[in-house]
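These are the residues of each chain, in order.
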Amino acid sequence: MSAPPVSHAVLCRFGELFLKGGNRGIFEQTLAKNIRRAVADVPGARVETPHGRVIVHAPADRIEDACARLERVFGLVSISSVVETAADVEAIEAAAVTAALAAIERDPARGASFRVQARRSDKRFPLSSLDLAARVGAKVAAATGMPVKLVGAALTIGIEVSSTSGFVFADTRAAPGGLPAGTSGHGLLLLSGGIDSPVAGWLSAKRGLSLDGLYFHSPPFVGEKSKDKVVSLARVLASWQALRTLYVAPFTDVQKRLRDAGPAELAVVLYRRMMMRIADRIADRTRAMSLVTGENLGQVASQTVPNLTTIENAARHLVLRPLVTYDKMETTALARRIGTYDISALPYEDCCSLFVPPHPATAARVQDAERAEARLEAGVDAEADAVADATEKIDLT
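Quick caveat: nothing in here was measured; it's all calculated off a predicted structure. (Residues numbered from 1 in each chain as written. Predicted model: local features only at pLDDT ≥ 70, side-chain atom pairs only at ≥ 80, totals over all residues. Heavy atoms only, no water.)

A. The arrangement of the overall build of the chain in detail. From N to C terminus, the chain includes 13 helices and 14 strands. Seen through its principal axes, the chain has C-alpha atoms that stretch 85 × 40 × 35 Å. In the chain, which comprises 397 residues, the share counted as buried stands at 53%. A sequence separation of at least 24 residues applies to 81% of the contacts in the chain between residues at least 6 apart. With an accessible surface of roughly 17600 Å², the chain has 54% of that area assigned to carbon and sulfur atoms. Within the chain, the 44 negative side-chain charges are centred at a point lying 4 Å from the centre of the 47 positive side-chain charges. (Helix = DSSP H or I, 4+ residues; strand = E, 2+ residues; numbered from the N terminus. Buried < 20%, exposed > 50% of the residue type's maximum accessible area, 1.4 Å probe, protein only. Contact = heavy atoms within 4.5 Å. Areas by Shrake-Rupley, 256 points an atom, 1.4 Å probe, with all protein chains shown as cover. Lys, Arg positive; Asp, Glu negative; His and termini not counted. Charge placed at Lys NZ, Arg CZ, Asp CG, Glu CD.)

Put into structure tokens, the structure is as follows:
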């Protein structure tokens, strides 16, 4: 039998990027850059980009650390911790036996049955994919006593062969898929402490947006724990490369003036129109091309088509609402998956819950909102400018 495997690595696979035609190179370059960012603090990590794959090399004791970061990189559909060997049949056989035994040791139930799936990108390799799978399968069966089961096997041994290396693995982990963050431009996420807006940000990043966040803070009605909660949410999104900076806008004074401008049933719409104006100004400064919100159609009384239309009327930038058709159960399930739900569930309210009337308008008109805003002594533009100028910046990187 040949020498033992030469190194450990993570095999990274992408899917949708194959459809990008002449622009595919730009998407792959951005993906590789994001992968390098993800593993930058993993000692000994090194990234290679052979055709159609990304390989992240790392010391054996750092592979799990690298995997934990890579399974949060948008654009990747799956990853596998692999043993890299020479592109040699006997070396691949030895690595496959080792991988099978290790997998069974971790989880004895996986020893019930197995199959081998092989793929070769270099057709000069002396065995076809099917022949390689059969030969490796025979070695694994002899070493472990496991029966072969081609459909529904408890353990799948994967093999990929390039012109220079063989990659052998027994586990595949899902990654988020989508497009690499940054390939669809830059946006500004209106981030609150609730369940919805962090999920909206995550979905936007999955479609290639890089994001900054903007949180509206209203002390003393809203305490510092509410702000800390949003900062924690922002850091979770940053771990997905979905957020790089959080801006905290002081909203108390203008919110009170809008409340007093009335009428009471328009309060929520007036708050959100002012948020759009402030967000426009922060977007200008951060070169964001769009605003992202967690708004949903019909989830609460204020989120009707007329109200959303009146709110969006105050914005200059494109407003994206990734959750517009989601129900709360769908949003909550995704929040749990991405790690924001437990933070969002903490009992610290944000400014959106302040001064809310018992019966908010469900069919607000632009002219009615503008009539109320005209009562602001300084004017809506001056109010928005003042809040934007006083906004705090928190670097999440």
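B. Looking closely at unusual backbone geometry. Note the cis peptide between Pro219 and Pro220, where omega equals 0 degrees. Relative to the elements of secondary structure, Pro220 occurs in the loop between strand 10 (210-217) and helix 6 (224-239). Even without being glycine, Gln241 reaches a positive phi, approximately 60 degrees. Tracing the chain through its elements places Gln241 in the loop between helix 6 and strand 11 (245-250). The class of Gln241 is buried, set by a relative accessible area of 11%. Located in the positive-phi region is Arg287, a residue other than glycine, with phi close to 60 degrees. Topologically, Arg287 is positioned in the loop between helix 8 (267-286) and strand 12 (290-292). On the basis of relative accessible area, Arg287 is assigned to the exposed category, the value being 73%.

C. The packing of helix 5 (residues 196-206) against helix 10 (residues 328-338), seen in detail. Packing of helix 5 against helix 10 brings their axes to within 9 Å, and their N-to-C directions diverge by 70 degrees. Put simply, helix 5 runs roughly perpendicular to helix 10. Along its contact with helix 5, which presents Asp196, Pro198, Val199, Trp202 and Leu203, the element helix 10 presents Lys328, Thr331, Leu334, Ala335, Arg337 and Ile338. (Axes fitted to C-alpha atoms, helices over the stretch in contact; angles between N-to-C directions. Parallel < 35°, antiparallel > 145°, perpendicular 65-115°, else oblique.)

D. Quick look at the packing of helix 8 against helix 12 (residues 366-373). It is the contact of helix 8 with helix 12, at a shortest axis distance of 11 Å, that shows an interaxial angle of 80 degrees. Taken together, the axes of helix 8 and helix 12 are roughly perpendicular relative to one another. Contacts between helix 8 and helix 12 pair Leu270, Arg273 and Arg277 from the former with Val366, Ala369, Glu370, Ala372 and Glu373 from the latter. A per-class count over the contact of helix 8 with helix 12 returns four nonpolar, no polar and four charged. (Nonpolar A, V, L, I, M, F, W, Y, C, P; charged D, E, K, R; others polar.)

E. Structural context of the sheet that holds strand 9 (residues 186-190). With mixed pairing, the six strands of this open sheet are ordered in space as 13-12-9-10-11-14. Bordering the open sheet on either side are strand 13 (318-320) and strand 14 (392-395), each of which pairs with just one other strand. Sheet twist, expressed as the average angle between the axes of neighbouring strands with direction ignored, equals 25 degrees. Looking at chain direction, strand 9 and strand 12 are connected through three bridges and run parallel. Bridge pairing in strand 12 places Leu189 opposite Val292. (Pairing = 2+ DSSP bridges.)

F. Summary view of helix 2 (residues 63-70). Taken together, the buried positions of helix 2 are Ile63, Ala66, Cys67 and Leu70. When helix 2 is viewed along its axis, its buried side chains cluster within an angular range of 100 degrees and face the same direction. Buried-residue contacts for helix 2 involve strand 1 (7-14), helix 1 (24-38), strand 3 (54-57), strand 4 (76-86) and strand 8 (173-174). (Arc of directions from axis to C-beta.)

G. Inspection of the pattern of salt bridges at higher detail. According to the stated counting rule, one finds 25 salt bridges in the structure shown. Residues joined in a network through salt bridges with shared partners are Arg13, Arg119 and Glu160. (Salt bridge = Lys/Arg side-chain N within 4 Å of Asp/Glu carboxyl O.)

H. Seen up close, the nonpolar core. Within the largest apolar cluster, 36 residues are counted, with the highest numbers of intra-cluster contacts made by Leu188, Leu214, Phe216, Phe251, Met274 and Leu291. Looking at this core, the elements that each hand over two or more residues are strand 9, strand 10, strand 11, helix 7 (252-261), helix 8, helix 12 and helix 13 (380-389). Ranked by the residues each element gives to this core, the list is headed by helix 8, at 11 residues. Residue contacts for Leu214: discarding those within four places in its chain leaves Leu188, Leu189, Leu190, Leu191, Leu246, Tyr247, Ala249, Ala279 and Ile282. Of all hydrophobic cores here, the second largest spans 33 residues; its members include Val222, Ala242, Leu323 and Ile394. (Core = buried A, V, L, I, M, F, W, Y, C linked by side-chain atoms within 4.5 Å.)

I. Quick peek at the state of the cysteines. As enumerated under the stated definition, the model contains zero disulfides in all. No disulfide involves Cys12; its nearest neighbouring cysteine sulfur is the one of Cys67, lying 8.0 Å away. On the basis of relative accessible area, Cys67 is assigned to the buried category, the value being 1%. (Disulfide = S-S within 2.5 Å.)

J. Molecular detail of the pairing of strand 5 (residues 114-120). Residues Phe114, Val116, Ala118 and Arg120 line the buried face of strand 5, whereas the alternating positions Arg115, Gln117 and Arg119 sit on a face that is not buried. Here seven bridges tie strand 5 to strand 6 (residues 155-161), and the two strands are oriented parallel to one another. Considered in strand 6, the bridge of Gln117 is made with Gly158. Between strand 5 and its parallel partner strand 6, the chain crosses via helix 4 (residues 129-144), and the hand of that crossover is left-handed. (Right-handed = clockwise from strand over helix to strand, strands pointing away.)

K. View of the environment of Thr331. Its place among the elements puts Thr331 in helix 10. With residues up to four places along the chain from it excluded, the contact list for Thr331 reads Ile195, Asp196, Val199, Leu323 and Tyr326.

L. Up close: the packing of aromatic side chains. The full count for this structure, using the stated rule, is four aromatic pairs. Ring centres of Phe74 and Trp240 lie 6.1 Å apart, and the angle between their planes is 35 degrees; on these two criteria the pair is classed as tilted. Highlighted residues: Phe74 in the loop between helix 2 and strand 4 and Trp240 in the loop between helix 6 and strand 11, separated in sequence by 166 residues. The pair formed by Phe74 and Trp240 is uniform in burial state, with each residue classed as buried. In textbook terms, an aromatic cluster arises when at least three aromatic residues are bridged by ring pairs, as seen for Phe74, Trp202 and Trp240. (Phe/Tyr/Trp six-rings, centres within 6.5 Å; stacked < 30°, edge-to-face > 60°.)

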